[in-house]
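Chains, contacts and geometry: an overview
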Amino acid sequence: MKQVIYLDNAATTKTRPEVAEAMMPYFTEYYGNPSSIYDFSNPCKEAIAHARETIAASIGAKTNEIYFTAGGTESDNWAIKAAAEAYQEKGKHIITSKIEHHAVLHTCEYLEKRGFEVTYLDVDEFGTVKLDELKKAIRPDTILISIMFANNEIGTIQPIREIGEIAKAHGILFHTDAVQAYAHVPIDVNELHIDMMSASGHKLNGPKGIGFLYIRTGVKIRSFVHGGAQERKRRGGTENVPGIVGLGKAVELAMQDMDERAAKEKELRDYLIGRVLAEIPYARLNGHPVNRLSNNANFAFQFIEGESMLIMLDMEGVCGSSGSACTSGSLDPSHVLLAIGLPHEIAHGSLRLTLSEANTKEEIDFVVEKLKAIVQRLRSMSPLYEDYVKKNGR
């Protein structure tokens with residue numbers, strides 16, 4: 001097997017060995033149904049309780065405010081749909097942004113077809129929500145503000161504290177999709193005035209198919225999955241005990257080394273960004289230059305098509321993406337890049353590289369050298385680039 005340099009950690013991460021080891025007994029040894037009353041199921045109940053405590057402590061929440069789900073998409077759907085249903089007597093207006101994950105955008109579109117009104121906020125050139133526009137968008141019938149903590153494509157971190165303060169001052173629920181940010185940046189739901197928060201295990205070296213939704217005590221959110229009495233009667237279905245155990249262990253490990261890990265990723269990220277911008281002409285960095293996730297580098301290269309670039313990088317053993325993995329089958333340019341003002345032809349030439357602490361400077365050097373050659377080769381086949389060079393003498 002050829003060498004693989006994995007730079008797509010925003011899509012998913014490698015499950016840490018300690019996480020897999022913690023999960024194994026709950027497949028083969030402690031396999032009882034946590035809802036059963038006999039003693040054999042007690043280890044499963046205790047394991048779920050321990051994971052819930054670990055996660056609650058990581059964000060300053062109470063244990064009874066953590067609800068396990070199948071991942072970030074379900075958590076987003078639950079928060080938005082259930083809030084809309086529960087508070088529709090107060091109003092039917094929701095505020096979100098144009099750069100949200102499709103789990104939020106498509107859920108809002110679903111609600112629009114059912115009589116709700118949604119305001120999609122513009123962002124600035126760096127992908128940051130404009131607080132003045134948020135304030136102007138608030139109406140007497142606004143019941144929910146849903147703004148992601150950090151963007152999954154360009155890495156920009158939003159002014160969450162300020163958004164939370166605005167929502168609280170107006171008596172509006174505030175939900176944040178923190179799938180990319182959780183366990184990568186410090187989060188305290190009370191300090192940030194967050195009422196609901198979505199997170200997913202496989203973004204922080206945990207297993208796939210498990211996540212959680214934080215719901216502040218007092219928020220009138222109804223059941224999302226009907227069936228049994230699991231998750232305090234709000235989400236029916238037998239608990240994914242191995243997944244919950246794995247998520248809890250991943251959170252425990254991620255919180256222990258978060259600062260050290262972020263510092264290493266930032267150093268590599270900045271080195272990557274510096275080399276690309278200095279050595280590849282007609283390249284730009286997408287997203288905020290400072291207020292961005294420590295492992296995220298998103299570029300746009302003029303005069304090339306991103307899919308061809310990804311294929312050629314893959315041939316060199318480099319895993320990257322052009323944006324969200326959830327839309328990798330789409331030929332349309334990224335809605336995020338269009339929202340920050342990039343024209344279609346430049347947005348099509350995007351590349352997202354997201355690192356982990358396991359990456360090395362040597363790997364970054366290898367990737368940059370290959371990327372330089374790939375961009376040059378693709379541009380040599382571009383009539384647009386040829387015309388541009390003739391007109392500009394470069």
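These figures come from a predicted structure and were not determined experimentally.

Here we take up the overall build of the protein chain. Across its full length, the protein chain carries 15 helices and 12 strands. Taken along the three principal axes of its C-alpha coordinates, the protein chain extends 75 × 55 × 35 Å. Contacts spanning at least 24 positions in sequence make up 73% of the contacts within the protein chain whose residues lie at least 6 apart. Here the protein chain displays about 17300 Å² of accessible surface, and carbon together with sulfur accounts for 52% of that area. Of note, the protein chain has its 44 positive side-chain charges centred 3 Å away from the centre of its 52 negative side-chain charges.

This next bit is on the packing of helix α11 (residues 306–315) against helix α14 (residues 361–380). When two helices pack together, their arrangement is given by the angle between the helix axes and by the axis-to-axis distance. Contact geometry of α11 with α14 gives a least axis separation of 10 Å together with a crossing angle of 135°. One element, α11, and the other, α14, form an angle in the oblique class. Between α11 and α14 the crossing geometry is right-handed. Every residue of α14 that contacts α11 at Ser308, Met309, Met312 and Leu313 is listed here: Leu371, Ile374, Val375, Arg377 and Leu378. Classifying every residue of the contact of α11 with α14 gives 7 nonpolar, 1 polar and 1 charged.

So, on to the sheet that holds strand β9 (residues 283–286). Within the open sheet, the 3 strands sit side by side as β9-β10-β12. Their pairing is antiparallel. Here the strands that pair on one side only, and so sit at the sheet edges, are β9 and β12 (350–354). The average undirected angle you get between the axes of adjacent strands in this sheet is 30°. When strand β10 (residues 296–301) meets β12, the two strands line up antiparallel, connected through 5 bridges. Within β12, the position partnered with phenylalanine 299 by the bridge is leucine 351. Helix-sheet contacts for α11 involve β10 and β12, and the interaxial angle to β12 is about 40°.

Glancing now at a nonpolar patch on the surface. Where nonpolar side chains cluster on the molecular surface, the patch consists of Tyr31, Tyr38 and Phe40 and spans about 360 Å² of accessible area. Checked against the element boundaries, tyrosine 38 lands in the loop between α2 (25–28) and α3 (42–59). The partly exposed category is assigned to tyrosine 38, whose relative accessible area is 46%.

Before going further, it helps to spend a moment on the pattern of salt bridges. All told, the structure shown has 21 salt bridges when counted by the stated rule. Taking the shortest distance from any N to any O, the salt bridge between lysine 130 and glutamate 133 comes out at 3.8 Å. Take glutamate 133: its relative accessible area is 29%, and that puts it in the partly exposed class. Residue arginine 275 pairs with glutamate 369 through a salt bridge whose shortest N-O separation is 2.4 Å. With a gap of 94 residues between them, arginine 275 in helix α10 (residues 258–279) and glutamate 369 in helix α14 connect regions that are remote in the sequence. Within this structure, Arg275, Glu279, Asp365, Glu369 and Lys372 form a network of salt bridges that share partners.

Time to look at the side chain of arginine 269. Within the element layout of this structure, arginine 269 appears in helix α10. Of the polar contacts made by the side chain of arginine 269, one reaches the backbone oxygen of leucine 293; its length is 2.9 Å. Arginine 269 has contacts with Arg292, Leu293, Ser294, Asn295, Asn296, Ala297 and Leu355, leaving out every residue within four places of it along the chain.

Considering all chains together, one arrives at 7 aromatic pairs under this definition. Plain terms: the ring middles of tyrosine 31 and phenylalanine 40 are 5.0 Å apart, the flat faces sit at 70° to each other, and that makes the pair edge-to-face. The exposure class assigned to phenylalanine 40 is partly exposed, which follows from its relative accessible area of 38%. Aromatic pair tyrosine 282 and phenylalanine 303: ring centres 5.6 Å apart, planes at 90°, arrangement edge-to-face. Pair noted here: tyrosine 282 is in the loop between α10 and β9 and phenylalanine 303 is in the loop between β10 and α11, with a separation of 21 residues, a long-range link. When its relative accessible area of 18% is taken as the criterion, tyrosine 282 is described as buried. When its relative accessible area of 17% is taken as the criterion, phenylalanine 303 is described as buried. Members of the aromatic cluster, joined through ring pairs, are Tyr67, Trp78 and Phe224. Looking at lysine 81, its charged tip hangs above the ring of tyrosine 110, at a distance of 4.5 Å from the centre.

Parameters at a glance
- Residues numbered from 1 in each chain as written.
- Predicted model: local features only at pLDDT ≥ 70, side-chain atom pairs only at ≥ 80, totals over all residues.
- Heavy atoms only, no water.
- Helix = DSSP H or I, 4+ residues; strand = E, 2+ residues; numbered from the N terminus.
- Contact = heavy atoms within 4.5 Å.
- Areas by Shrake-Rupley, 256 points an atom, 1.4 Å probe, with all protein chains shown as cover.
- Lys, Arg positive; Asp, Glu negative; His and termini not counted.
- Charge placed at Lys NZ, Arg CZ, Asp CG, Glu CD.
- Axes fitted to C-alpha atoms, helices over the stretch in contact; angles between N-to-C directions.
- Parallel < 35°, antiparallel > 145°, perpendicular 65-115°, else oblique.
- Left-handed = near helix turned anticlockwise from the far one by under 90°.
- Nonpolar A, V, L, I, M, F, W, Y, C, P; charged D, E, K, R; others polar.
- Pairing = 2+ DSSP bridges.
- Patch = residues over 30% accessible without salt bridge, like charges linked within 9 Å, V, L, I, M, F, W, Y side chains within 5 Å.
- Salt bridge = Lys/Arg side-chain N within 4 Å of Asp/Glu carboxyl O.
- Buried < 20%, exposed > 50% of the residue type's maximum accessible area, 1.4 Å probe, protein only.
- Polar contact = N/O pair within 3.5 Å; in protein donor to acceptor, adjacent residues only side chain to side chain.
- Phe/Tyr/Trp six-rings, centres within 6.5 Å; stacked < 30°, edge-to-face > 60°.
- Lys NZ or Arg CZ within 6 Å of the ring centre and 35° of its normal.

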